[in-house]
Amino acid sequence: MLITEILARNARMFGEETALIEREPAKHHRVEINWKAFDDQANAIAQGLLERGIRKQDRVIHLMMNGIQWLPAYFGILRTGAWAVPLNFRFVARTIANCTLTAEAKAFIFGEEFVERVSQIRDDIGRCVKTFIFAGPEAKRPPWAESLDRLIADHPARDPRISIDIGDDAALYFTSGTTGRPKGVHLTHQNLEFACHVENHHHQQTREDNFLCIPPLYHTGAKMHWFGNFLVGAKAVILKSIHPKDIIEAVSEEKATIVWLLVPWAHDILIAIEDKAIDLKDYDLDQWRLMHIGAQPVPPALIKKWKAVFPHHAYDTNYGLTECTGPGCVHLGIGNTHKVGAIGVPGYEWACMIVDFNAWITENRLTPAEPGASGELAVKGAGVMKEYYKNPEATAETLKDGWLLTGDIARQDEDGFIWLVDRAKDVIITGGENIFPVEIESFIMDHPKVQDAAVIGYPDQRLGEIALAVVKVKPSQTLTEDEFMTFCEGLPRYTRPRKVVFAEVPRSPTGKIEKPKLRKKYTGHDGILG
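The structure reproduced in this document is the subject of the present report. Residue indices begin from 1 for each chain and proceed along its sequence in written order. Given that this is a predicted model, residues contribute local features only at a pLDDT of at least 70 and side-chain atom pairs are listed and counted only at 80 or more, while totals for whole chains, interfaces and linings are drawn from all residues. Values shown for side chains rest on all heavy atoms present in the structure; no hydrogens or waters enter the calculation.

So, the sheet that holds strand S26 (residues 464–473)
Okay, so step 1: Two strands qualify as a pair provided DSSP detects at least 2 bridges between them. Numbered from the N terminus, helices here are DSSP runs of H or I no shorter than four residues, and strands are runs of E no shorter than two. On the basis of which strands lie adjacent, the open sheet formed by three strands has the order S25-S26-S27 and mixed pairing. Unpaired on one side and paired on the other, strand S25 (450–460) and strand S27 (499–502) mark the two borders of the sheet. Strand-to-strand twist of the sheet, defined as the mean angle between neighbouring strand axes without regard to direction, takes the value 25°.
Okay, so step 2: Bridge count between S25 and S26: 10 bridges; the pairing is antiparallel. Structural elements are reduced to axes, namely lines fitted to C-alpha atoms, with helices fitted over the stretch in contact, and the angle between N-to-C directions of any two is expressed from 0 to 180 degrees.

Printed below as a string of structure tokens:
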């Protein structure tokens, strides 16, 4: 079933029940819409786009911060048969222009936060974009853009009934660029529908669940986790804050049952509890049944601390890529906390392979590695993207015989659980030995004074590269270089960081460490070729 049809079904069956809640604590703002209003808005947006010449297979840029209108706009685009093209809100004006021109978009929906950036590139992207639609207050609307609110009010809330098949093209997601320049991941309606079933199978959402959504909706991770609730008509809260107290208050006041956190946010919550900034006795959290994490490696020490504070929580971690329509191609699985540190087992209707390096490099052949050996992780399933849009070279490098090569190095243990070793591009080679930063970062995160950590390669005349640790210390603690280096003596000698910098660890909106930024800051280059 198309996800647009799932929305229509929810509106028919649960029309007056709450679908989405938006909370913005900084403004003491809360608003909600029911399933019928959600569906009606999507239909009106689709009708307005069709009236402005948008047709099946056209592309529509979607550049909005999280909010109550984000999902109706997304579904409205899909209802026209056009492709939704959500963009990262951190993209600078030039990157926004490049993505828009690559997509050859004909319409551009944007929020008030992006007026300046879109103004800078309007003439450039005007070669393809003919319609600009502003999602924000009328007082801030630029004269060259139409109002999304006005468009919704002026058009019938009627399904345009465009003929769309499950195999049709649906969306174009540009990668975050943390490992290179953004590439367009081309997804189909089947990819999106499959993601709903994967998430619901993994976390067993029912109509009684309430999903607290904090990460940005432009990213497949947040939206595809919400898909598990969406599939069964369960509500969700869109929280416009990452402050620990705001998260706990939202869980308590909205009776959230499922929360997907990024590693830094989970750390911040535990620190706030430890520092007495949050007293759990002040909140009603009994209904909170599942905390899960994805988008990056999870330090086992973090989950051990979490379970000590929240012993009744089920826990899961999810591994995925935009190229796999988000999370779930590998997942730990509820009940497998004895394997925390692993990314898990193949997800629902997914297959995985640890690829033998030698066979792949010398013979261009996908062959499973020996049991326990490290190799590149490859995955296969109905969530695998169609292609990298207009990039046949990158597509050929990544897709092979139905398998998607993830670029991540992993190993599989005797129980079938997959352990992420590192990103292939992040491996540090020191004196001929491979060092995997993820393993060092996990070790460093065990230090009681450390809040966050990243490890990158640093040029060394003798060894080629050495490990440089960038460490963020907890606000209430102090840590000296001597203390840190003594602690690192618990690592094998060749893997120990030779340098340490105490500083912030830059992370993307989805929690990934932005290693190109760190490499550029501390080594003078970002490690990206081309």
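Topic: the packing of aromatic side chains
Okay, so step 1: Only rings of Phe, Tyr and Trp enter the pairing, Trp through its six-membered ring, and a pair is recorded when the two centres are within 6.5 Å. The plane angle decides the type: under 30 degrees is stacked, over 60 is edge-to-face, the rest tilted. Applying the stated criterion across every chain, the model contains 23 aromatic pairs.
Okay, so step 2: Ring geometry for Phe89 versus Tyr218: centroids 5.5 Å apart, planes at 90°, classification edge-to-face. Here Phe89 is found in the loop between strand S4 (83–86) and helix H4 (93–103), whereas its partner Tyr218 is found in the loop between strand S10 (210–213) and helix H8 (220–231), with 129 residues between them in sequence.
Okay, so step 3: Remark: a charge is flagged as sitting over a ring if the NZ atom of Lys or the CZ atom of Arg is within 6 Å of the ring centre and within 35 degrees of the ring normal. The ring of Trp83 is capped by Arg59, whose NZ or CZ atom sits 5.0 Å from the centre of that ring.
Okay, so step 4: In this arrangement the basic side chain of Arg207 is found over the ring face of Phe14, its NZ or CZ atom lying 3.8 Å from the centre.

Thoughts on the side chain of Glu441
Okay, so step 1: Relative to the helices and strands, Glu441 resides in helix H14 (residues 437–444).
Okay, so step 2: Glu441 gets classed as buried once you look at its relative accessible area, which sits at 8%.
Okay, so step 3: Those residues in contact with Glu441, other than ones at most four positions away along the chain, are Ala453, Ala454, Val455, Ile513 and Lys515. Think of it in three bands: with a 1.4 Å probe and only protein chains considered, a residue is buried below 20% of the maximum accessible area for its type, exposed above 50%, and partly exposed in between. We call two residues in contact whenever any of their non-hydrogen atoms come within 4.5 Å of each other.

Notes on the pattern of salt bridges
Okay, so step 1: Salt bridges are defined as contacts in which a side-chain nitrogen from Lys or Arg sits within 4 Å of a carboxyl oxygen from Asp or Glu. Across all of its chains, the model carries 35 salt bridges by this definition.
Okay, so step 2: With a shortest N-O distance of 2.9 Å, Glu253 and Arg23 are connected by a salt bridge. Here Arg23 lies in strand S1 (residues 18–24) and Glu253 lies in helix H9 (residues 244–254), a separation of 230 residues in the sequence.
Okay, so step 3: A salt bridge links Arg52 to Glu146, with the shortest nitrogen-to-oxygen separation between them at 2.7 Å. Of this pair, Arg52 sits in the loop between helix H2 (35–51) and strand S3 (59–63) while Glu146 sits in strand S7 (residues 146–147); the two residues are 94 residues apart in sequence, bridging distant segments of the chain.
Okay, so step 4: Given a relative accessible area of 26%, Arg52 falls into the partly exposed group.

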